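The primary structure of each chain is shown beneath.
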Amino acid sequence: MDTILVVNAGSSSVKFQVFGVGGGSSLTRLIKGQMDGIGVRPRLRAVADGSVAIDQSFAAGEVATVPIALARVGEWLRRDREIDPVAVGHRVVHGGPDFDRPVFVDAGILARLTAFEPLAPLHQPNNLAPIRSLLESRPDLPQVACFDTGFHRGHDALADHYAIPLQFYDKGVRRYGFHGLSYEYVAGRLAEVAPDIAQGRVIVAHLGSGASMCALREGRSLDSTMGFTALDGLPMGTRPGNIDPGVILYLIEQEGMSASDVQAMLYRDCGLKGLSGISNDVRDLLASADPRARFALDYFCHRIALSAGMLTAALGGLDAFVFTAGIGENAPAIREDVVRRLGWVGASLDPDANAAGRTTISGLDSRVAVMMVPTDEEMMIARHTAALVGGGG
Ligand code: ADP
């Protein structure tokens, strides 16, 4: 069976999944794993057919970089699983202003994607490193880059601009939006499970350790809470979301913080973690009796509801509100809190359906469909990769 390898490379981990390509391009997930602790305490773990397929630790020097980690994964797949993928699909955070869909990567495309590194300095270099090394070691192996920004590239100028001098827009300072692979997958699922709703005005709330919301009309992205970077919009596990840019100036000028101090704080110490002083994980906060944990969750739900108001205005009304990702799929208490705050738009909840995690969780009297649709970004990458390989590009 032909297989496709999906790779999501971060700074210290490489997550991967292997999909089998069946007849009619149907995809079956065969293996899911990750190498984490790269350069520190590398450990390769993977699950196949519901059981542990490997759990192996390495010395720090044996797996010192992300490309080496991917090479180790490839060796294991070849040797132990007899898997030699026909193509690799990569999650790449930034496609810049140009790329509105996945592409085969060659040296020229890689150079263009490398030029976007300043737009996502923490993520883009890690996403591209394994692509670069595979281009050198396996130039015959088709590689496809799938972008978190691509799905949002159809935004109109009003959604795409900041009110700063236009020269910066031309240099790439734009409201890109992220989590696009998740929104694209959820839009596709909605078209299957609720075709009428999928044609309407829909807000999808991707609530994971990163969180954003997207306004969809007829399955296309109209606007998003995220902008130039994945810091904007909703508060997240460790990122603040919306913040007055004056705060950043204050931290630099009055608190004496350097730009890199501020960057580290904004990505690592803010959001639920910063507000609660307890944890970035919603599970810990829900389990805690500490009032700071309650406050952090209230703040999170409040900002989701405020953003829903903004996106409802962008859509000119609302037909459905959809929860997805780690928190959206697994935390009924958060869904309940958010929907209560959306009462003004006519949303209500069926408590039993919500507790059971059904697809439709709105109450009978709700004027807005409230739904829970699990996301699958890796499946989306595998589909794009299979489509490009199958179509010969
Ligand atoms: P990412 O892919 O961005 O790491 P996920 O979509 O997997 O994020 O979401 C991870 C987050 O989901 C965790 O940080 C945690 O807060 C939340 N989460 C996962 N399971 C649950 C649960 N059962 N209850 C509440 N929150 C959960």
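**Concerning the side chain of Asp 223**
- Residue position: Asp 223 is located in strand S11 (residues 220–224).
- Here Arg 175 takes part through its side chain, which lies 3.0 Å from a polar atom of the side chain of Asp 223.
- Every residue in contact with Asp 223, bar those within four places of it in the chain, is listed here: His 155, Ala 159, Arg 175, Met 213, Cys 214, Ala 215 and Leu 311.

**A look at the site of the ligand**
- Taken together, the neighbourhood of the ligand is formed by Gly 208, Ser 209, Gly 210, Asp 281, Val 282, Arg 283, Ala 325, Gly 326, Ile 327, Asn 330 and Ala 331.
- Within the backbone of Gly 326, a nitrogen or oxygen atom sits 2.9 Å from an oxygen atom of the ligand.
- Within the backbone of Ile 327, a nitrogen or oxygen atom sits 3.4 Å from an oxygen atom of the ligand.
- Counting residues per element, the ones that place at least two in the shell around the ligand are helix H11 (282–287) and helix H13 (325–330).
- A total of 4 residues in the shell around the ligand trace back to one element, the largest contributor, which is H13.
- Residues belonging to the shell around the ligand are distributed by class as follows: 4 nonpolar, 5 polar and 2 charged.

**Regarding the nonpolar core**
- Residues Leu 207, Met 213, Phe 321, Phe 323 and Ile 334 are the most contacted members of the largest nonpolar core, which totals 57 residues.
- Ranked by the residues each element gives to this core, the list is headed by helix H12 (residues 291–315), at 10 residues.
- Those residues in contact with Ile 334 that sit more than four places away from it in its chain are Val 282, Leu 286, Leu 297, Phe 300, Cys 301 and Ile 327.
- Counting 25 residues, the second-largest nonpolar core is a separate cluster that includes Phe 16, Ala 48, Ala 69 and Val 73.

**Some remarks on the packing of helix H2 (residues 107–114) against helix H3 (residues 124–137)**
- Between H2 and H3, whose axes approach to 11 Å, the crossing angle comes to 165°. Of the possible angle classes, the one that applies to H2 and H3 is roughly antiparallel. Our pair here, H2 against H3, has a crossing hand that is left-handed. Contact with H2, carried on its side by Ala 107, Leu 110, Leu 113 and Thr 114, involves Gln 124, Leu 128, Ile 131, Arg 132 and Leu 135 of H3 and no other residues of that element.
- The residue makeup of the contact of H2 with H3, split by class, is 6 nonpolar, 2 polar and 1 charged.

Calculation rules
- Residues numbered from 1 in each chain as written.
- Predicted model: local features only at pLDDT ≥ 70, side-chain atom pairs only at ≥ 80, totals over all residues.
- Heavy atoms only, no water.
- Helix = DSSP H or I, 4+ residues; strand = E, 2+ residues; numbered from the N terminus.
- Polar contact = N/O pair within 3.5 Å; in protein donor to acceptor, adjacent residues only side chain to side chain.
- Contact = heavy atoms within 4.5 Å.
- Near = heavy atom within 4 Å.
- Nonpolar A, V, L, I, M, F, W, Y, C, P; charged D, E, K, R; others polar.
- Core = buried A, V, L, I, M, F, W, Y, C linked by side-chain atoms within 4.5 Å.
- Buried < 20%, exposed > 50% of the residue type's maximum accessible area, 1.4 Å probe, protein only.
- Axes fitted to C-alpha atoms, helices over the stretch in contact; angles between N-to-C directions.
- Parallel < 35°, antiparallel > 145°, perpendicular 65-115°, else oblique.
- Left-handed = near helix turned anticlockwise from the far one by under 90°.

Note that all results are geometric; they support no functional claim without further evidence.
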